[in-house]
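# Observations on the model geometry
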Amino acid sequence: MDVLSRPLIDRTLPLLAEGYAWLPNRMRDSAGPVVRTRLLGRPALALRGPEAVRFFYDEHNVHRHRAIPEPVLATLFGHEAVHTLDGAAHRARKALFLPLLAPDRIAGLVEQVTEAWDDAVHAWSRRGSVVLFDEASTVLTLGVHRWAGIPLDDSDAGAVARDMIATVDGFATAGPRHLRARRARGRQEGRLARLVRDVRSGGVTAPADSVLDLVCRHRDADGGPLDEKTAAVELLNVVRPTAAVAWFVAFTAHALHRWPEHRAPLADGGSAFTAAFTHEVRRFYPFVPFLGGLAARDLLWRGEWIPAGGLVVLDVYGQNHDASLWGDPYTFRPQRFLERPVERDELIPQGGGDPGAGHRCPGEGITIGVLEALAVRLARLEYTVPEQNLTIALNRVPTRPHSGVLLAGVRPPADRTGVRTGRGAGAVR
C-alpha cells in the first residue's frame, strides 16, 4: 500500500491528553520538522521552523476560513471574527486593528494599565496576601477598558475580568471549563452589543477615535458596517487578549522566583534587558500550543503531501523550544536576546508572519509593551512568596502556575529617599 494511502489513526484524544507536549513529542519521533497524522477526522500535516511559518501564513497555501473549530469560536475568538476571514475580507477587517499598533496607541494603553496597577498595589498592601494572576487580570481589564473608551465601573471590573479569563481558559477543553467559557462570552458579547447599539443611536457618546468609536464606524470589505454582534465580537478581540496578559504576568513572577538573579537588572528598567526578559518569558513559558489552518489546495511540504481541505498545523510551542533555533531551549536565559538579532519568524509565541498582511496577532505589540511595563513594576515590588504549588502542568491548555502565584506582604516600592511610591490608596477611579 502506498504511504499516502495508508489510513492514519485519529490523534485528537492523545492531543487533548498530552497538551503542549503532544506535538513536540511527535516531532522528536519523526525524521524531520514535519509530522503526518489525523486530527478532528481530517488528514493533518504538522510543521515547524521559520520556513514553515512563511509557508503556513501564505494564503495561497493555507486558509483560516472554516479552520477554527466551533468550540473555539464560541469561546475564544467569537463567530465571524477577524480570525475566521481570508483574502480581501480579512485585510479589510484587520485594517480596524492595525492602527492600534501605532507606538502612541500602545503607549496610551500602557499608561492606563500601569495607573491601574499602581492603584491596585496600595490595595494589595492592606491585605495579607493576593493571588497575582487574579489581581493582574482585573488591573488589565480596567486599563484596557479605559483605553478603549468602553465604560466600566470599578466595582464591576472583577466580574468582567473573570469572564475575560474564562473565555480563554475554557476554549481547549470539554466539561465545566468550556461551559463557563461559553456563558462568559455570551454575557460579554451581550454587554458590548448593547453598548454598540447605544453609541449608534446616540444614547452613549464614544470618545473620538477610541477603539469603541473605530469599531462602531468600521466598514467591512462589502462597504457595510459591522452588525452589533460582530462589532461586539471584535471589541472583545481587543479586550480579551489584553486581559490574557495576566498569564504572562504570572509567568514573570514565576521566573523571578525561580531565577532571582534577574530581578535587579529588570528593576533597573534598562530597555535592552527589559525587552530581552519579556521575550524570554514569552518564548520559554507555554501559552499557544499550535495553530491550524486548511490546505487551500493540494500541498507538498518537504516531500509530504496534504490534500486540499486537510489540516495544516504550525507547532508554536515546539518551535519556541527548538534546539536548532535556541541552543539551550529549556534554560531560562534572557541574555540570548542580547546576543543576536532574532528573526520575525523564529520567535512565534503568538503566531508568525506579517501582522500587516497576514494572520499574525495584531495585538502582539500591545502584549510586549504592557508586559515590559508590568515586569519592571513587579521586579521593583516588595513581597514574599509563601509555600504553594507553583507547578505548571503541560497537559492543561492554557496552563499557568497552579496557585496563580500567591504573594504575601506586598508593599509598594520605595524611592531612594525611602518614601513609598504610587498614586495613593484613594486614587482608584
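All chains use their own residue numbering, which begins from 1 and follows the written sequence. pLDDT decides what is reported in this predicted model: residues at 70 or higher carry local features, side-chain atom pairs at 80 or more are listed and counted, and totals for whole chains, interfaces and linings draw on all residues regardless. Excluding hydrogens and water, the side-chain figures rest on all heavy atoms present in the structure.

## Quick look at the overall build of the protein
Labels follow the DSSP assignment, with helices taken as runs of H or I lasting at least four residues and strands as runs of E lasting at least two, numbered in each case from the N terminus. A tally of regular secondary structure across the protein gives 18 helices and 10 strands. Each radius of gyration is computed over the set of C-alpha atoms, and the globule rule expresses the reference value as 2.2 Å times the number of residues to the power 0.38. Against the compact-globule benchmark of 22 Å for 429 residues, the protein has a radius of gyration of 22 Å, which places it among compact chains. When accessible area is computed with a 1.4 Å probe and restricted to protein chains, residues below 20% of their type maximum are described as buried, those above 50% as exposed, and intermediate ones as partly exposed. Every one of the 429 residues in the protein was classed for burial, and the buried ones make up 55%. In the protein, 53 positive and 49 negative side-chain charges are present, and the distance between their average locations comes to 3 Å. Charged residues are defined here as Lys and Arg on the positive side and Asp and Glu on the negative side; His and the ends of the chain fall outside this count. Charge placement uses NZ in Lys and CZ in Arg. For Asp and Glu, CG and CD serve respectively.

## Considering the sheet that holds strand β4 (residues 129-131)
Overall, antiparallel pairing links the 3 strands, which are arranged β4-β10-β9 in an open sheet. Of all strands in the sheet, those bounded by a partner on one side alone are β4 and β9 (382-384). Strand after strand, the sheet turns through a mean of 45 degrees between neighbouring axes, direction not considered. Pairing of β4 with strand β10 (residues 406-411) involves 3 bridges; the strand directions are antiparallel. Residue pairing for β10: valine 131 is matched across the bridge by leucine 406. The pairing criterion is simple: DSSP has to find at least two bridges between the two strands. Here the axes come from fitting lines to C-alpha atoms, over the contacting stretch only for helices, and the angles between their N-to-C directions go from 0 to 180 degrees.

## Thoughts on the confidence of the model for the protein
With 92% of its residues at a pLDDT of 70 or more, the protein shows a mean pLDDT of 90. Residue-level confidence of the predictor is what pLDDT reports, using numbers from 0 through 100. In this description, contact between two residues means that some pair of their heavy atoms is separated by no more than 4.5 Å. This stretch, residues 1-6, has a pLDDT under 50; its non-local contacts, to residues over four places away or in other chains, come to 5 contacts. Under a pLDDT of 50 for its full length, residues 423-429 has, in the predicted model, 16 contacts with residues more than four places off or in other chains.

## Considerations on the packing of aromatic side chains
When two rings of Phe, Tyr or Trp (its six-membered ring) have centres within 6.5 Å they constitute a pair, described as stacked for plane angles under 30 degrees, edge-to-face for angles over 60, and tilted for the intermediate range. The full count for this structure, using the stated rule, is 17 aromatic pairs. Ring geometry for tryptophan 259 and phenylalanine 284: centres 5.7 Å apart, planes at 90 degrees, overall edge-to-face. Within this pair, whereas tryptophan 259 is found in the loop between α12 (245-258) and α13 (263-267), its partner phenylalanine 284 is found in helix α14 (residues 271-284), the two being separated by 25 residues in sequence. Phenylalanine 284 matches tryptophan 259 in its accessibility class, with the two residues each being buried. The criterion is that NZ of a Lys, or CZ of an Arg, lies within 6 Å of the ring centre and within 35 degrees of the ring normal, and then a charge sits over that ring. Sitting above the plane of the tryptophan 326 ring, arginine 283 keeps its charged end 5.6 Å from the centroid.

## Observations regarding the sheet that holds strand β8 (residues 311-314)
Strands belonging to one sheet form pairs held by backbone hydrogen bonds; the direction of such a pair is parallel or antiparallel. Pairing is mixed across the open sheet formed by 5 strands, whose spatial order is β1-β2-β8-β5-β3. Both outer strands of the open sheet, β1 (34-39) and β3 (62-63), are each paired with one neighbouring strand and no more. Looking at chain direction, β3 and strand β5 (residues 291-295) are connected through 2 bridges and run antiparallel. The residue of β5 that forms the bridge with valine 62 is alanine 295. Sitting on the sheet, helix α2 (residues 22-29) touches β1, β2 (42-47) and β8, and the angle it makes with β1 is about 130 degrees.

## Focus: the pairing of β8
Taking every second residue as pointing to the same face, both faces of β8 are buried, with Leu311 and Val313 on one and Val312 and Leu314 on the other. Two elements, β2 and β8, share 4 bridges in a ladder whose sense is parallel. Residue pairing in the sheet places alanine 46 in a bridge with valine 313 of β8.

## Quick word on the pattern of salt bridges
For salt bridges, the criterion is a side-chain nitrogen of Lys or Arg within 4 Å of an Asp or Glu carboxyl oxygen. The full count for this structure, using the stated rule, is 30 salt bridges. For the salt bridge of aspartate 169 with arginine 400, the shortest nitrogen-to-oxygen distance reads 3.6 Å. On the criterion of sequence distance, the pair formed by aspartate 169 in helix α8 (residues 157-169) and arginine 400 in the loop between β9 and β10 is long-range, its members being 231 residues apart. A relative accessible area of 11% means that aspartate 169 is categorised as buried. Lysine 229 is the partner of glutamate 189 in a salt bridge, and the nearest nitrogen-oxygen pair spans 2.6 Å. You can see glutamate 189 sitting in helix α9 (residues 176-201) and its partner lysine 229 sitting in helix α11 (residues 228-243), a full 40 residues away along the chain. The class for glutamate 189 is buried, based on a relative accessible area of 10%.

## Focus: helix α18 (residues 364-380)
Turn by turn, an α-helix covers 3.6 residues, leaving residues three or four places apart pointing in a common direction. A helix is expected to span 1.5 Å for every residue after the first. The end-to-end C-alpha distance of α18, which contains 17 residues, comes to 24 Å, matching closely the 24 Å that a straight helix rising 1.5 Å per residue would cover. Among the 17 residues in α18, 13 count as buried, and that is most of the element.

## Describing empty space enclosed by the protein
A cavity, in this analysis, means grid points on a 1 Å lattice covering only the protein atoms where a 1.4 Å probe fits yet has no way out; a pocket is instead an open set bounded by protein on both sides within 12 Å along at least five of seven lines, and a residue lines either one if it has an atom within 4 Å of a point. Grid points are joined across faces, edges and corners, and a volume is the space filled by probe spheres set on the points. Under the definition given, this model contains 3 cavities of 30 Å³ or more. What the second largest cavity holds in volume is close to 40 Å³. Every residue along the wall of the second largest cavity is listed here: Arg282, Arg283, Tyr285, Pro286, Phe287, Val288, Val316, Tyr317, Asn320, His321 and Pro349. Elements that contribute at least two residues to the lining of the second largest cavity include exactly α14 and α15 (316-319).

## A short note on the nonpolar core
We call a set of buried Ala, Val, Leu, Ile, Met, Phe, Trp, Tyr and Cys residues a nonpolar core when their side-chain atoms join them within 4.5 Å. In terms of nonpolar packing, the biggest core is built from 96 residues, with Trp117, Trp124, Leu132, Trp147 and Val370 touching the most fellow members. For this core, the leading source of residues is α12, giving 10 residues. Ignoring anything within four residues of it in the chain, the contact list for leucine 132 reads Trp117, Trp124, Val249, Ala250, Ala253, Leu378, Gly404, Val405 and Leu407. If you look at the next biggest cluster of nonpolar residues, it comprises 18 residues, including Leu47, Phe55, Ala295 and Ile348.

## Let's talk about the side chain of glutamine 319
Of note, glutamine 319 is situated in helix α15. Sequence-distant contacts of glutamine 319, that is, excluding residues within four places in its chain, are made with Arg48, Gly49, Pro50, Val53, Leu325, Trp326, Asp345, Glu346 and Ile348.

## Here's the deal with unusual backbone geometry
Here valine 397 and proline 398 are connected by a cis peptide whose omega angle stands at -10 degrees. A positive phi angle is found at leucine 40, which is not glycine, with a value near 55 degrees. Mapping leucine 40 onto the fold places it in the loop between β1 and β2. The phi dihedral of arginine 302 falls on the positive side, at around 50 degrees, and the residue is not glycine. Assignment of secondary structure puts arginine 302 in the loop between β6 (299-301) and β7 (304-306).

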